[in-house]
Structures are given as C-alpha cells and as structure tokens.
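Below, each chain spelled out in residue letters.
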Amino acid sequence: MEHHFKIFGNGLWVRIYTLTDAEVKEMKVLTSNLNVSLEQIVFDDDLMGQLGLTSWADLKVDVSLIMTTVCERSKMEVSCKGKRLLKSGTLDLINPNYLFPLYELQEDSFIKKLNSNTLVFGEVLTGQIYRGRFDCEKFNVSKLSFSVLPFLNDLNISKVCYDNLELVSTSDQFITRSFFAFLSK
C-alpha cells in the first residue's frame, strides 16, 4: 500500500556554489564599499550586474538542498488512504526526556565538507516542506530514520528514510520568509 510522509512547518532551501578567487574578492569589495550584506548583493540583480552576472541564477549550482528545521512549529505525519497513522512533532527526534530515542538519527556532514570560496545562500521557508511516498504492507514507525544537520544555529532534517530507502520529496508547497547568504571560510 502507498503511504505518504509529510513535514509541515519551518525549513531552509540551501544552494551551494563554488566561486573563483576573483568572484569572492569582488563580492567582498562590493559588500564593503556599499556597506550592504552579502544576501542583499546575491538577491539584487543590479548589484549582481556589477559582478558581471544578470542574477544569481547565472551561477552554476553545486548542490541544492531543502531541509526542515527541528522546532516546535514543524510537524510530521504519515498517512495511508487518507487515514493519519502518525502525527508527531520534529522535536520528538531529539527529546531528551525520552528513555530511548524514538527514531534512528544519522548526522549529515555535508556542510563540514564545503571548500573555501563557496557561496552558501538560500531562503527561510514556511509551509509543506516535504512530501514523500513509500510502499509497505503495514507501517512501522521504527523503520523511519532521519539524517540531521546542524546549520544556522538549528538542527535540520536533511534526509528521510523508511526501511533504509531514501524518501524523495515529490511536492514542496512553501513560501519564503527571508533570505541568507555567506561565504565559507
């Protein structure tokens, strides 16, 4: 039977770009001379034009990742044939009051592997962050596992698996609340 896994709440859409030394230097000079933040430059087409680009979309993306923030507002649910089988908060992933962990967690080290001259920017999201599907005869909550990633002072879910198979998100329905950008060191 087909089951649906959804996460509603807060999240991040992160894009990673590798820049040349010259591009990094130009961005730093522009932020300093105009006294503006890096996200203002990245999301302003006129300022990107000063770097010789029409917009950030001209940059070649290395990685694009949508993550869910583990927080009180983010909720998970599993349903089958319109019947909800599980409704839980993402805070249950890390709740220290439980005698044993409810879900298997693996740390995602993707951010630690960033090279120098990497531009990281993205959007802070609200809405349906994730929707995946999986087939099984009978849902077993202990077969859910998550990859988590500390990023921007929060813990984020970067990957969801059921019975060791990664669930690929098929439908994201969210709005953007704000932007962020930084250069890796």
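The model shown is predicted, which means the values in this text are computed figures rather than measured ones.

(A) View of the confidence of the model for the chain. In the predicted model, the chain carries a mean pLDDT of 90, and the fraction of residues at 70 or more is 97%. Mean pLDDT values for the elements of the chain range from 85 in helix α3 (residues 45–49) up to 97 in strand β3 (residues 75–80).

(B) Molecular detail of the nonpolar core. Counting residues in hydrophobic clusters, the biggest one holds 18 residues, and the most contacted among them are Phe5, Phe134, Leu144, Phe146 and Val160. The set of elements that each furnish at least two residues to this core consists of β1 (2–18), β3, β6 (118–135), β7 (144–151) and β8 (154–162). Of all the elements, β8 adds the most residues to this core, at three residues. Residues contacting Val160, with those up to four places away along its chain left out, are Phe5, Ile7, Tyr130, Leu144, Ser145, Phe146, Leu165, Glu166 and Leu167. If you look at the next biggest cluster of nonpolar residues, it comprises 17 residues, including Leu38, Leu47, Leu119 and Leu183.

(C) Region of the structure containing the environment of Arg177. Along the polypeptide, Arg177 turns up in strand β10 (residues 173–183). Put simply, Arg177 and Leu125 are 52 residues apart on the chain and 5.7 Å apart in space, counted from C-alpha to C-alpha. Sequence-distant contacts of Arg177, that is, excluding residues within four places in its chain, are made with Asn10, Val124, Leu125 and Thr126. Within the local environment of Arg177, its side chain forms a polar contact with the side chain of Asn10, the two groups lying 3.1 Å apart.

(D) Spotlight on helix α1 (residues 21–34). For α1, built from 14 residues, the straight-helix expectation of 20 Å at 1.5 Å per residue is met to within 8% by its first-to-last C-alpha distance of 20 Å. Listing the buried residues of α1 in full gives Val24, Met27, Leu30 and Thr31. Looking straight down α1, one finds its buried side chains confined to an arc of 130°; they lie on one side. Among the exposed residues of α1, those pointing more than 90 degrees away from its buried face are Asp21, Lys25, Ser32 and Asn33. At its buried positions, α1 is contacted by α2 (38–42), α3, β6 and β10. Count one or two residues on from α1 and you reach Asn35, which has phi positive near 55°.

(E) Here's a closer look at the packing of aromatic side chains. Tallying each qualifying case throughout the model produces twelve aromatic pairs. Aromatic side chains Tyr103 and Phe146 sit 5.3 Å apart centroid to centroid with 90° between the ring planes, which places their arrangement in the edge-to-face category. Here Tyr103 is found in the loop between β4 (83–89) and β5 (104–107), whereas its partner Phe146 is found in strand β7, with 43 residues between them in sequence. Taken together, the ring pairs connect Phe5, Tyr103, Tyr130 and Phe146 into an aromatic cluster. The ring centre of Trp13 lies 4.1 Å from the NZ or CZ of Arg15, which sits over that ring.

(F) Main features of the state of the cysteines. Enumeration over the complete set of coordinates arrives at zero disulfides. With no disulfide of its own, Cys161 lies 14 Å from the sulfur of Cys136, the closest cysteine sulfur.

(G) Up close: the pattern of salt bridges. Evaluated as defined, the whole model comprises two salt bridges. Between Glu123 and Arg15 there is a salt bridge; the shortest N-O distance is 2.6 Å. Here Arg15 lies in strand β1 and Glu123 lies in strand β6, a separation of 108 residues in the sequence. The residues Glu123 and Arg15 share a single accessibility class, namely buried. Two residues, Arg84 and Glu77, come together in a salt bridge whose shortest N-O distance is 3.4 Å. The class of Arg84 is partly exposed, set by a relative accessible area of 48%. When its relative accessible area of 12% is taken as the criterion, Glu77 is described as buried.

Procedures and definitions
Residues numbered from 1 in each chain as written. Predicted model: local features only at pLDDT ≥ 70, side-chain atom pairs only at ≥ 80, totals over all residues. Heavy atoms only, no water. pLDDT = per-residue confidence, 0-100. Helix = DSSP H or I, 4+ residues; strand = E, 2+ residues; numbered from the N terminus. Core = buried A, V, L, I, M, F, W, Y, C linked by side-chain atoms within 4.5 Å. Buried < 20%, exposed > 50% of the residue type's maximum accessible area, 1.4 Å probe, protein only. Contact = heavy atoms within 4.5 Å. Polar contact = N/O pair within 3.5 Å; in protein donor to acceptor, adjacent residues only side chain to side chain. Expected span 1.5 Å × (residues − 1). Arc of directions from axis to C-beta. Phe/Tyr/Trp six-rings, centres within 6.5 Å; stacked < 30°, edge-to-face > 60°. Lys NZ or Arg CZ within 6 Å of the ring centre and 35° of its normal. Disulfide = S-S within 2.5 Å. Salt bridge = Lys/Arg side-chain N within 4 Å of Asp/Glu carboxyl O.

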